[in-house]
Structure formats: structure tokens, C-alpha cells
Amino acid sequence: MRRLLLVLAVLVCLGAVVAFQVTRPERAASRPKVFVPSASFFEDFSPGFRTSIADAYYLYMVQYYGEHIKSDGRLDSMVDLVNLVTRLSPHFIKAYQFGTFAMLDARQTPAAYDLLQRGVVANPDDWRLPAMAGFLVYEFGRGEAKDEVAAEWYAKAAAVPGAPAYLARLAATLTAKGGEREKAALMWAQVYADGDEYSRAKAVAALDQILPAEKEARMRALAPLMGTMPGDEFERLVSALFEDFL
Amino acid sequence: MAARDIRRGDAVRQIIAIALNTFRETVRDRVLTVIVLFALVMIVGGLWLGSISLEQQGRMMKDFGLVTVTAFGVIIAAFIAATLVRKEVEKRTVFVVFSKPVSRAAFVVGKFLGLAATLGVVIGGMGLFLFVMTWLVGGGASGMVLAATGLIYLQVLAVVAVVVFFSTVTSAILASMLGLGVFVAGQLSHNVLSLSRLGEGAVTEAVSWVVFVIIPNFNAVDVKAAVVGEMTIDWAAVALWGLYLMAYMVVALGAAAWVMRRKEF
């Protein structure tokens, strides 16, 4: 009898715990401005664990971005977080790639460009960062020389051993006159081909705006992009862009 | 000469016997099993972290996995090593041991080697598990994970030696705490050196220098950053620092044996 009572008491407590958790009011969104320690603090006090700390902050950064981009749109600490992660782990390419787009969403374009420049210096053997810098300059740059500067970045990326062949073609396309819509489509297609889920979603949205709305015209406009990415990626992009027509 | 050889042979046999006994005793410890299981769960937990990392599963698994191996290795070392000698004294089994012609040094070294074998099995097992996990998740085998695990083992052994020494002069819990403190301080060893170079008075400089020399430099054999491509390793330097850590263990165990010799049992 005593044993049964004990078991019952435990079960009641278990029910209370589960019920409390389930009915708990939804956690309020975290503040858009968070404390981000300086990278040199971690470099000085735990050099052996700096990459682990960078990874922990990287996960936090992804979560912070996801949480705020879907709610208040305020990414006040994004620049600090990205800089912390990339300073602690300067060869963490993904952090530069994700960080660049996150900074653009935070309307910190100059900071995003600085980040990529720093990334290129720290990772001279990687073609993705100069290619991304080329895209950034083309898409968000100002002034007449922007195509030229973007082409220089693509040429720099193409010169890295192992870089895909389409980078050289992009550099050449940019220096040619006219065809602004085609150029923009090419740039975004490249973002789609090399990107993660966030950048792919952005690329699809941008291409949806750039490409003609009419089905046949859109098909024709998409055709030149086929050679700029692997076949299965192209098929995935096509199905994303023709979702509304299905 | 022949008598000395016989005594030396006896000492080796005694060390092996004590080490084997310690190994059997520690490896059967249920607390150890629980800690190891928890560590393996933590390593598998890296999979969950990887799933929210935007295709960086391999990196997250390696990085957090090695941190888990380090943390749990040090915890096991600090808490089990502290009771190695102390338990024998408190249970008075040490009287039985020392009633036979067993030297204090053989006792300390045997205890150390026994726990070193247990930790070899535990850390080696965790390292192999992590290696297989990163292979499955990251899509390729990374020998660096095994190399980093080996160097973590070396650091953990140094912690064991330090804790064994502390356990001969103080209580088990304090010895554990001091051992953990030495591990943390060993991560900051370069900061102490910087302090000694600040030149804020000769006394500060001298004290900082002494502290720098006393604290084991664990950073020098830490290659976790290299596993995720953030560092190039000078293997010759790492090997030298590895020898330094081994010499450090000899000094710590020698000091422990010296303290034990001065005790009355």
C-alpha cells in the first residue's frame, strides 16, 4: 500500500512537471542587443578552447539571426557576433558566408564588405569569399566602377586553384556592356549554387523578382544559368522558381 | 650487484602488481561507468548541435566532442586520482602493503600507472567513438581527432600526477579541487608569462616567473584548433612539449613518493 502511494506520488509529480512545461507561457524573444565579449578576451584567456568558443558563438549567432529575422527584424548585435566568431576562428569559411548575408539583413553593408575582405586575407586559398565579395559589390555597390570592382573580385576568385570555371565567365560578363538583368540573374544563381538554406531562400526570392513573370519567358531567361551550376542544383532551382506555375 | 638486480626486479614486479590491482579496482568503479556513458551521450549530442549549424556537422562534432573528452577525462582524473592513495590510508590497507618490502615510490608509481591504464581505456574509447562518429557525420576519417585525443590523454596524465601528489599532503576533495585548478591554470600558463614580462616590480616579475615554471603548460600540447583547420602544428615542438609533460609527471610523482616516505604508517 505504502509502495503504491509512493509510486502514485511520483506519477503525480511527473504529470505536474510535464503539464507545467507544456502550459508554460511562451518564452519572450531575446533582446536584440546582447552582450558580446571581445575576441581578444578569449584569445588571451583560453587559446586552447578558442575554436570551441567560436563554434558555440556560431550556433548562438545562427539562433539569434533566426529568432530576430522572423520577429522584430532587429539584428543589433549581428556585426559583433560575426566579428567575434571570425576573429576566434579566422578559417571558418561558413561563418564568413552566413555572417555576410546576416550583416546585409542587419543593413550593415560596409561591415559585411570589411568582413569579406578580412576573410580573403585570412584564407587566400579559398575562392568562395572573393566570389562573394564580387557579388556583394555588384549587388550593393554604388557608382559606375562597381561592375569593374566586382569583376576584379571574380577574377581573383577564378585565379584560386580549384575554383569553378564559371567564375572567369562571370568576371568577363561583368565587364561587358548592357544586359543588367542577365548579370544580376547570374550573380544570384551563383549565390544559390554555393549557398546554405538561408542564402538559397534569398537567391530564389531575388531571382523571382528579376526573372520575367511569364512562364515561357522565364524558361528562356533561365537557360543561360544551366552551365553555371551542377545539374541537380539547377533542377532544384528551376522547381523552386516554377512552384507557382505547378 | 646481483642483489641489487634482484631488488630492482622486485620493484618492477611490485609496481606491475600494484598497477594491475589499481586498474582492476578503478575500471570496475560504477561512477566511472556512469561518467563515461554520460560523455558518450554528450558526444552524440554533437549531432543535435550539428543539425542547427547550417551544414557544419563535422566541425561541430569534432570540436565539441574533443571538449567533452577533455572535460570528462580531467574530471575522472581529478576525482579518482585523489582517492587512489588517500583511500588506502583511510581504509588502513596501506599498512598491509607496507608490512611487505614494498617501497613508497613503487606504491605511488604503481597507483599512477594503474589509473593511467584505466584512463587509457576510457579516453581511448571516447576518442575512438568520436573518430567513428566524425567519420560517419563528416563523411571522412580524421586522424587528427585521434592525435588530439592522444595529446588530451597526456594532459590528463599530468593532472593525475599532480592530484596524486596533492592527495599525499591534503584531503581527497581538496586534492581534486587543486588538480582542477592546476588544469585551468595550465591553460593560462602563457598569461602568467606575460605577467612576468610586464616589469611591474622585481617581486611580481620573480613570482610570476616561478608560477609559470611550476604550472604545467597544457596549451603547448593542445591541438584542438588544428583539428578544425585553425592551426598548423609543429610536430617537433609538440613532441618536445610532450616530453616536458612526462618529465613533469616524474617530478610530481617523485614529490609524492618523497612525502609518503616521510609519513609514519
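Computed from a prediction, not measured in an experiment: that's the story for all the values here.

Participant: Explanation requested: a nonpolar patch on the surface in the structure shown.
Facilitator: All names here are of chain A. Together, M1, L4, L5, V7, L8, L11, L14, V18 and V22 make up an exposed nonpolar region whose accessible area comes to about 930 Å². Within the secondary structure layout, L8 lies in helix α1 (residues 2-23). A relative accessible area of 44% means that L8 is categorised as partly exposed.

Participant: I keep staring at the environment of S71(A) and nothing clicks. Help me out?
Facilitator: Residue and element names in this part refer to chain A. Residue position: S71 is located in the loop between α3 (50-69) and α4 (78-88). In this structure S71 comes out as partly exposed when scored by relative accessible area, which is 45%. Considered as a pair, S71 and L59 are 12 residues apart in the sequence and their alpha carbons are 19 Å apart.

Participant: I'm lost on the environment of I173(B) in this one. Help?
Facilitator: All names here are of chain B. Following the sequence through the fold, I173 ends up in helix α7 (residues 172-187). We classify I173 as exposed; its relative accessible area is 54%. With 145 residues separating them in the primary sequence, I173 and R28 have C-alpha atoms 21 Å apart.

Participant: Can you help me understand the environment of C13(A) in this one?
Facilitator: Residues and elements named next belong to chain A. By the element assignment, C13 lies in helix α1. Take C13: its relative accessible area is 49%, and that puts it in the partly exposed class. C-alpha of C13 to C-alpha of A158: the two residues are 145 residues apart in sequence and 64 Å apart in space.

Participant: Looking at this structure, I do not really get the packing of aromatic side chains. What am I missing?
Facilitator: Each aromatic ring pair is specified by the distance between its two centres and by the angle formed by the two planes. Residues and elements named next belong to chain A. Counted according to the given criterion, the structure contains 15 aromatic pairs over all chains. Ring geometry for F41 against F42: centres 5.2 Å apart, planes inclined by 70°, an arrangement best described as edge-to-face. With a relative accessible area of 42%, F41 lands in the partly exposed category. Each ring, one from F135 and one from W188, has its centre 4.7 Å from the other, and the planes form 75°; the classification is edge-to-face. In this pair, F135 sits in helix α7 (residues 128-140) while W188 sits in helix α10 (residues 180-194), placing the two residues 53 residues apart along the sequence. Each member of the pair, F135 together with W188, is buried. The rings of F41, F42, Y57, Y60 and Y64 are connected pair by pair, giving a single aromatic cluster.

Participant: Whenever I open this one, helix α6 (residues 109-122) of chain A confuses me. Can you help?
Facilitator: Each turn of an α-helix holds 3.6 residues, which means side chains three or four residues apart point in the same direction. Residue and element names in this part refer to chain A. Taking 1.5 Å per residue as the helical rise, α6 with its 14 residues ought to reach 20 Å, and the 20 Å between its terminal C-alpha atoms agrees with that figure. Residues of α6 that are buried include every one of A111, A112, L115, L116, G119 and V120, and no others. Next to the buried residues of α6 lie α4, α5 (93-105), α7 and α8 (146-158).

Participant: Honestly, the packing of helix α9 (residues 166-175) of chain A against α10(A) in this entry has me stumped. Any pointers?
Facilitator: How two helices pack is summed up by the angle between their axes together with the distance between the axes. Residues and elements named next belong to chain A. Two elements in contact, α9 and α10, have axes whose closest approach is 10 Å; the angle formed by their N-to-C orientations is 155°. In terms of orientation, α9 and α10 fall into the roughly antiparallel class. Seen along the crossing, α9 lies across α10 with a hand that is left-handed. Residue-level contacts link Y166, L170, T173 and L174 of α9 to K183, L186, M187, Q190 and D194 of α10. Partitioning the contact of α9 with α10 into residue classes produces five nonpolar, two polar and two charged.

Participant: I'm lost on empty space enclosed by the protein in this one. Help?
Facilitator: In this approach, a probe sized like a water molecule rolls over the atoms, and the result shows the empty space that is left. All names here are of chain A. Per the stated rule, a full pass over the model turns up two cavities of 30 Å³ or more. In this structure, the largest cavity is lined by 14 residues; those nearest its centre are Q97, F101, M132, V191 and D194. Residue classes in the lining of the largest cavity are distributed as six nonpolar, four polar and four charged. Of the voids in this model, the second largest cavity is the one considered here, and its volume is about 30 Å³. Elements with a contribution of two residues or more to the lining of the second largest cavity: α5 and α11 (197-210). The element contributing the most residues to the lining of the second largest cavity is α5, with three residues.

Participant: Can you help me understand the confidence of the model for chain B in this one?
Facilitator: Detailed reading of predicted coordinates is not advised where the pLDDT is low. Averaged over all residues, the pLDDT of chain B equals 84, while 94% of them reach at least 70. Under the prediction, the complex receives an ipTM of 0.75, its pTM being 0.77.

Participant: What exactly am I supposed to notice about the side chain of T86(A) here?
Facilitator: Residues and elements named next belong to chain A. Among the structural elements, T86 can be located in helix α4. Within the local environment of T86, its side chain forms a polar contact with the backbone oxygen of V82, the two atoms lying 2.8 Å apart. Of the polar contacts made by the side chain of T86, one reaches the backbone oxygen of N83; its length is 3.3 Å.

Participant: Would you mind going over unusual backbone geometry with me for this structure?
Facilitator: Residues and elements named next belong to chain A. Positive phi outside glycine occurs at R107, with the angle close to 60°. Mapped onto the elements of the fold, R107 is located in the loop between α5 and α6. Judged by relative accessible area, which is 68%, R107 ranks as exposed.

Participant: Would you explain the packing of α10(A) against α11(A) in this entry?
Facilitator: Residue and element names in this part refer to chain A. Between α10 and α11, the least distance of the axes is 8 Å, while the angle of their chain directions is 160°. Comparing their axes, α11 and α10 come out roughly antiparallel. Here the hand of the crossing between α10 and α11 comes out left-handed. In contact with R181, A184, A185, W188, A189, V191, Y192 and A193 of α10, α11 contributes S199, R200, K202, A203, V204, A206, L207 and I210.

Participant: Explanation requested: α3(A) in the structure shown.
Facilitator: Taking 1.5 Å per residue, 20 residues should reach 28 Å; α3(A) reaches 28 Å between its end C-alpha atoms and fits that length. Most of α3(A) sits inside the fold, with 15 of its 20 residues counted as buried.

Participant: Hey, could you run me through the pattern of salt bridges in this one?
Facilitator: Side chains that differ in sign of charge can pair as their charged atoms come close. Residues and elements named next belong to chain A. In total, this model carries 12 salt bridges over all chains according to the counting rule given. A salt bridge links E233 to R200, with the nearest nitrogen and oxygen atoms 2.9 Å apart. Here E233 is found in helix α13 (residues 231-241), whereas its partner R200 is found in helix α11, with 33 residues between them in sequence. With a relative accessible area of 14%, E233 lands in the buried category. We classify R200 as buried; its relative accessible area is 17%.

Rules used throughout
Residues numbered from 1 in each chain as written. Chains lettered and ligands numbered in written order. Predicted model: local features only at pLDDT ≥ 70, side-chain atom pairs only at ≥ 80, totals over all residues. Heavy atoms only, no water. Patch = residues over 30% accessible without salt bridge, like charges linked within 9 Å, V, L, I, M, F, W, Y side chains within 5 Å. Areas by Shrake-Rupley, 256 points an atom, 1.4 Å probe, with all protein chains shown as cover. Salt bridge = Lys/Arg side-chain N within 4 Å of Asp/Glu carboxyl O. Helix = DSSP H or I, 4+ residues; strand = E, 2+ residues; numbered from the N terminus. Buried < 20%, exposed > 50% of the residue type's maximum accessible area, 1.4 Å probe, protein only. Phe/Tyr/Trp six-rings, centres within 6.5 Å; stacked < 30°, edge-to-face > 60°. Expected span 1.5 Å × (residues − 1). Contact = heavy atoms within 4.5 Å. Axes fitted to C-alpha atoms, helices over the stretch in contact; angles between N-to-C directions. Parallel < 35°, antiparallel > 145°, perpendicular 65-115°, else oblique. Left-handed = near helix turned anticlockwise from the far one by under 90°. Nonpolar A, V, L, I, M, F, W, Y, C, P; charged D, E, K, R; others polar. 1 Å grid on protein atoms, 1.4 Å probe; cavity = no way out; pocket = protein on both sides within 12 Å on 5 of 7 lines; lining within 4 Å. Points joined across faces, edges and corners; volume = space filled by probe spheres on them. pLDDT = per-residue confidence, 0-100. Polar contact = N/O pair within 3.5 Å; in protein donor to acceptor, adjacent residues only side chain to side chain.

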